[in-house]
Amino acid sequence: MAAEAPCYTVVFEDTTESPSTQELRASLEKGTDEDRLDTLRRIIVSTINGNPQPTLLMPIIQYIMPSRNKQLKKLLHFYWEVCPKYDENGKLKQEMILVVNAIRNDLQHPNEYIRGATLRFLQKISKDAELLEPLIPICRSCLEHRHSYVRKNAVFAVYTIYREYEHLIPDAPELMQTFIAAESDATCKRNAFVFLAHCAMPKAVEWLISVYDQLTSLDELLQMSIIEVIRLDCKNDTTHRPRYIRCMFELLNSSSHAVKYEAATTLTTLTQNPAAVKAAASCFVTLVIKESDNNVKLIVLDRLDTLRSKHGHVLDGLTMDILQVLSSADMEVRRKAMSIVLSMTSNRNVEEVVLFLKKQLQQTQEREFEKAPEYRQLLIQSIHVLAVKFSEVAASVVHALMEFLGDSNNPSALDVVAFVREVVEKFPHLRQSICDKLTQTLTEIKSGKAFRGVLWILGEYVEGLSDIQATFQDIRKVLGEIPILASEQRLLDEAGGEEDKQEDKKAEGSGRPRVLADGTYATETAYTSTNSARLEAVKAASKPPLRALILGGDFFTGSVLASALTKLVLRFDDLTTDRPKANALRAEAMLIMTSIIRVGQSKFVTVPIDEDSNERILNCIQTLSELQEKSIVHDIFLKDTKAAYSKMLVAQEKKAAEKKESESTKEHVVQVDDLLTFRQFSKKSADDPIDYVEDLGKATGAAEVREDFISNLSRISQLTGFSDPIYAEAYVKMHGFDIMLDVLLVNQTSNTLQNLCLDFATLGDLKLVERPAVYTIAPHGFQSIKATIKVSSTETGVIFGSILWDGPALAECCVILNDIHIDIMDYIKPAYCSETQFRSMWTEFEWENRVNVSTNMTDPRDYLKHVMKSTNMSCLTPEGAMSGDCDFLSANMYARSLFGEDALANLSIEKTEAGIVGHVRIRSKTQGIALSLGDRITMSQKDSKPSI
């Protein structure tokens, strides 16, 4: 096809059953309407794919054009659109005169559908002036047809002809002005108005002013076009801006959601008046509440968030209205609405917001509905943020939230613990009441993680003598009878009772052989099986919550309990002069700790106690036994742990402040030789530029194309050798979800290479969009070929292929191309998530890739930075946690791909005399990204050089 020819979609053509030209001609001549439809469809597909078959043009005119079948007529329009209309010299083919005559007849057809379809067809051939010129008078006459379907298509036919060849209808704007004034059909009016807006803006504005009082009663499509015209007209210095603003205010009350949205958006671009901004925001809120489509809700919420970021406290009065959006069932909508509410909450409305959230929280308990646990967790996190930010509401919400410590949904309970821990540190006057409430709720807690958090709070912040004693009593209640092992053994003995004697008698001679795991035989008696059944019954018996966790194998919680008891005893010892009471409390604490160790080594627990927990509890026992001897240990328990938590809170606040500051201060880098536009000197009277075309260009990157020449050179891959008949190299460019291949072919022979075809194939989640065409390259000539490949996931992909052409005597010649490996780093970006989200994903993801560390680096932190740089991952571990002089380093890293895939990594390394040893564990939901990142780390380790 010529360069000026329009571009069409390539359609798959089954060449296995491709009929000959003679067969196609016979089918057109003698076949039924069904056969002709199928034949014409084949011819159209063949023409689109580059095989026009010009010899069939006359049979189509002769046998298909006279048909009255409407499907054939419609298909015929497609054929006239794609078939070659000009000969080799660029002149219109003689046969097209017959086609023009047939089109003229269809334009005068009594059936309005055929007239309308033909007028639509004229819009597709608007580039061919010679075809259109004889049809102009009939097109004009169609504007006066009785049926609106014909008139509305006639308007757009005139529009496309006038846009391409203004001289064919020079009076078109006046014609449309007369037409729109007399027209009654809404769609025809809208089409004519669009014509005037693009071809004669003053006439469009004139008509708009004439119908100004009737705007609210007009059709939805016409209202949308009017909003577009207002937007375009306000780009210029118009005198009608006040009228337009009033017009947008009126359209905010339209019944159409689309008109409301466009009117509100346009209103904020026309004026910054607080009343207008508030009206637009109120309209957005109404749309979110009434609209059923969740995608629309999210789009409108984004627009509302942008409005809030620019106008601050103007929208504060709408905070309670936005909270109504929480009635939506979709969690993404709820999260987005909640984030907007949190940013809009101030001292004036914080109490109302918190009261509403507490009511919502209560509803999640009273009635169960879909995703209630997730919604409850979101509410708890939001109340947490507000309570920390506004200290006046902390006291009113902290007790309400502590009711959820016993929530069966573990994440909700953990969020409550995190909230209480932060409140109790920041607001000392609330510590007494919070600790009292915590000790009362100990019996309701089910989760080991929640228990650990609560025990840590009690160990750190219970300070009075009577409070410490009361806390000990409440802990004993949730622990049950002490010692644990002796009481469990007594229960087992009591469960046996009198049955033991009977079982002893039956045991003799009642054995039966059993095969053990190693293949040997053993005798199982009724006594042993009955005894194990009794043990299981004792294990399954109802127990206090903390005791049940320890017997279930949660010795980490047991070690935290030991640490908390140690802190309480040390603090009690500092405060009291009553030595007998202090010694009694110390003895009780040591008894509990030794009881945990002993039961952990017995048959009553699900799994035996681990070494770390055992060692930690023994350290606590040793600390209590040497109470006054080591003041350093004393300070570690009572001061250092609380100081570390305070330091962590300060670091979090500092990080949040830095993030907020970076978001508020955007960098605008302008080069000294950049051109200045007049808009920069004009008064800022609106939020956004009204020119949507310009915005679209910026968004797609069309406006600013900055390519680094050196960077482009690094993306060039050599596909063939210099001694091959054809030299080929490809420039690989990533563009969103597409890979653009720009291949340069050089004919290094003195022969013309005919029917040359570049054949690509892919491995992985890559898909070739289209096959490159067939080319002919002159001796020592060049040919540039472009190919597009779609990427559907973050996985290392490989592109391979070959070059085929016809050699001497039509022998097929071939050159195999080097493989192109796609770098997944172009699709992976650093991201951030909370520690809770990281742990949740780490547990959920199935695929893990473990990479052993092998590097010449000597500093663990340098190696961490090297891994982050090579994998595009961000470090989630706070800087404070990695500071200090230590030979060990453990850090969590996180990244997200363009396709929404999460990638997690954990680095655990140690500095030894032989260098850095350890491993990197990578987890993801899919296998591809885990393997690809592992390969990336392995390759980067090979490339890394010793640090100087």
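Since the structure is predicted, the reported quantities are computational estimates derived from the model, not experimental observations.

1. Examining the overall build of the protein chain
Consideration 1: The helix and strand inventory of the protein chain stands at 40 helices and 18 strands.
Consideration 2: Out of the 948 residues belonging to the protein chain, those deemed buried represent 45%.
Consideration 3: Summing over all exposed atoms, the protein chain offers an accessible surface of approximately 50,200 Å²; the carbon and sulfur share of this is 52%.

2. A look at the packing of helix α16 (residues 274-290) against helix α17 (residues 294-311)
Axis angle and axis distance: for two packed helices, these are the angle between their axes and the distance between the axes, and together they describe the pair.
Consideration 1: As a packed pair, α16 and α17 sit with axes 9 Å apart at the nearest point and diverge in direction by 155°. Judged on the interaxial angle alone, α17 and α16 are roughly antiparallel. Relative to α17, the crossing made by α16 is left-handed. Contacts from V277, A281, F284, V285, L287, V288 and I289 of α16 reach α17 at K297, V300, L301, R303, L304, L307 and H311.
Consideration 2: Each residue belonging to the contact of α16 with α17 can be placed in one class, and the counts come to 11 nonpolar, 1 polar and 2 charged.

3. Some details on the environment of K278
Consideration 1: Position of K278 relative to the elements: it lies in helix α16.
Consideration 2: Of the residues examined, K278 reaches a relative accessible area of 37% and is grouped as partly exposed.
Consideration 3: Separated by 29 residues in the primary sequence, K278 and L307 place their C-alpha atoms 9.5 Å from one another.
Consideration 4: K278 has contacts with V314, L315 and L318, leaving out every residue within four places of it along the chain.

4. Quick notes on the environment of D321
Consideration 1: You can see D321 is positioned in helix α18 (residues 319-323).
Consideration 2: Considering only alpha carbons, one finds D321 and V341, 20 residues apart in sequence, at a separation of 9.7 Å.
Consideration 3: Those residues within four positions of D321 in sequence are excluded, and the remaining contacts are V285 and I289.

5. Overview of the state of the cysteines
Here a disulfide denotes one covalent bond, and it connects the sulfur atoms of two cysteines.
Consideration 1: Counted according to the given criterion, the structure contains 0 disulfides.
Consideration 2: C139 takes part in no disulfide bond, and the closest cysteine sulfur to it belongs to C142, at a distance of 6.2 Å.
Consideration 3: For C139, a relative accessible area of 1% corresponds to the buried category.

6. Description of the sheet that holds strand β9 (residues 782-791)
Consideration 1: Pairing within the open sheet is antiparallel, and its 5 strands lie in the order β3-β4-β5-β9-β7. Either end of the sheet is taken by a strand with one partner, and the two such strands are β3 (716-718) and β7 (766-768). If you compare each strand with its neighbour and ignore which way they point, the axes differ by 30° on average.
Consideration 2: Sheet analysis places strand β5 (residues 738-747) next to β9, joined by 9 bridges and oriented antiparallel. When the sheet's bridge partners are listed, D742 is paired in β9 with K786.

7. Quick notes on helix α31 (residues 555-575)
Each α-helix turn comprises 3.6 residues. Residues three or four places apart therefore point the same way.
Consideration 1: An ideal rise of 1.5 Å per residue puts 30 Å on 21 residues; α31 measures up with 30 Å between its terminal C-alpha atoms.
Consideration 2: Most of α31 sits out of view: 18 of its 21 residues are buried.

8. Thoughts on the pairing of β9
Consideration 1: Where β7 meets β9, 3 bridges bridge the pair, whose relative direction is antiparallel. Bridging from a neighbouring strand, L768 pairs with I789 of β9.

9. Considering the pairing of β5
Consideration 1: Taking burial as the measure, the 10 residues of β5 include 7 buried ones, the bulk of the element.
Consideration 2: As defined by bridge partners, strand β4 (residues 726-735) adjoins β5 across 10 bridges and the pair is classed as antiparallel. Across the sheet, the residue bridging to K733 is M740, located in β5.

10. Observations regarding the packing of aromatic side chains
Consideration 1: Applying the stated criterion to the full structure yields 9 aromatic pairs.
Consideration 2: Seen from their ring centres, Y162 and F195 are 5.6 Å apart, and the 45° between their planes marks the pair as tilted. Of this pair, Y162 sits in helix α9 (residues 148-164) while F195 sits in helix α11 (residues 186-199); the two residues are 33 residues apart in sequence, bridging distant segments of the chain. There is no split in this pair, since Y162 and F195 are both buried.
Consideration 3: These aromatic residues form a ring-pair network of at least three members: F156, Y159, Y162 and F195.
Consideration 4: Taking NZ or CZ as reference, R163 lies 5.1 Å from the ring centre of Y159, over its face.
Consideration 5: Against the face of Y375 rests R334, its NZ or CZ located 3.9 Å from the ring centre.

11. A short note on the side chain of T788
Consideration 1: Note that T788 resides in strand β9.
Consideration 2: When its relative accessible area of 18% is taken as the criterion, T788 is described as buried.
Consideration 3: Once residues lying within four places of it in the same chain are set aside, the contact partners of T788 are D738, I739, M740, K767, L768, V769 and E770.

12. Considerations on the nonpolar core
Consideration 1: Ranked by size, the top nonpolar core spans 201 residues in total, and within it W80 and L357 carry the most contacts.
Consideration 2: A total of 10 residues in this core trace back to one element, the largest contributor, which is α31.
Consideration 3: If near-sequence neighbours (up to four positions away) are discounted, L357 is found in contact with L323, L326, M338, L379, S382, I383 and L386.
Consideration 4: Grouped together as the second largest cluster of nonpolar side chains are 28 residues, M734, L741, I777 and V815 included.

13. Describing the pattern of salt bridges
Consideration 1: Tallying each qualifying case throughout the model produces 24 salt bridges.
Consideration 2: Across the salt bridge formed by D106 and K73, the nearest N and O atoms sit 3.2 Å from each other. Pair noted here: D106 is in helix α5 (residues 96-107) and K73 is in helix α4 (residues 70-82), with a separation of 33 residues, a long-range link.
Consideration 3: Of the residues examined, K73 reaches a relative accessible area of 14% and is grouped as buried.
Consideration 4: For the salt bridge of K567 with E460, the shortest nitrogen-to-oxygen distance reads 2.7 Å. Note that K567 is positioned in helix α31 and E460 in helix α25 (residues 448-461), a separation of 107 residues in sequence.

14. Remarks on the environment of A129
Consideration 1: Counting through the fold element by element, A129 comes out in helix α7 (residues 129-132).
Consideration 2: A residue is classified by how much of its surface remains accessible, and A129, at 21% relative accessible area, is partly exposed.
Consideration 3: Spatially, the C-alpha atoms of A129 and L168 are 8.5 Å apart, while their sequence positions differ by 39 residues.

15. Some points on α9
Consideration 1: With 17 residues, α9 extends 25 Å between its outermost C-alpha atoms, agreeing within 8% with the 24 Å of an ideal straight helix rising 1.5 Å per residue.
Consideration 2: Taken as a whole, α9 has its buried residues at V150, R151, N153, A154, V155, A157, V158, Y159, T160, I161 and Y162.
Consideration 3: Of the surrounding elements, those touching the buried residues of α9 are α6 (112-124), α7, α8 (136-142), α10 (172-182) and α11.

16. Looking at the confidence of the model for the protein chain
One rule of thumb: low pLDDT means the predicted coordinates there are not for detailed reading.
Consideration 1: Counting all residues, the mean pLDDT for the protein chain is 78, and 85% of those residues have values of 70 or more.
Consideration 2: Mean pLDDT across the elements of the protein chain ranges from a minimum in helix α28 (residues 499-507), with 48, to a maximum in strand β17 (residues 902-912), with 90.
Consideration 3: Note that residues 700-705 has pLDDT below 50 and, in this model, 3 contacts with residues that lie over four places away or in other chains.

Conventions and cut-offs
- Residues numbered from 1 in each chain as written.
- Predicted model: local features only at pLDDT ≥ 70, side-chain atom pairs only at ≥ 80, totals over all residues.
- Heavy atoms only, no water.
- Helix = DSSP H or I, 4+ residues; strand = E, 2+ residues; numbered from the N terminus.
- Buried < 20%, exposed > 50% of the residue type's maximum accessible area, 1.4 Å probe, protein only.
- Areas by Shrake-Rupley, 256 points an atom, 1.4 Å probe, with all protein chains shown as cover.
- Axes fitted to C-alpha atoms, helices over the stretch in contact; angles between N-to-C directions.
- Parallel < 35°, antiparallel > 145°, perpendicular 65-115°, else oblique.
- Left-handed = near helix turned anticlockwise from the far one by under 90°.
- Contact = heavy atoms within 4.5 Å.
- Nonpolar A, V, L, I, M, F, W, Y, C, P; charged D, E, K, R; others polar.
- Disulfide = S-S within 2.5 Å.
- Pairing = 2+ DSSP bridges.
- Expected span 1.5 Å × (residues − 1).
- Phe/Tyr/Trp six-rings, centres within 6.5 Å; stacked < 30°, edge-to-face > 60°.
- Lys NZ or Arg CZ within 6 Å of the ring centre and 35° of its normal.
- Core = buried A, V, L, I, M, F, W, Y, C linked by side-chain atoms within 4.5 Å.
- Salt bridge = Lys/Arg side-chain N within 4 Å of Asp/Glu carboxyl O.
- pLDDT = per-residue confidence, 0-100.

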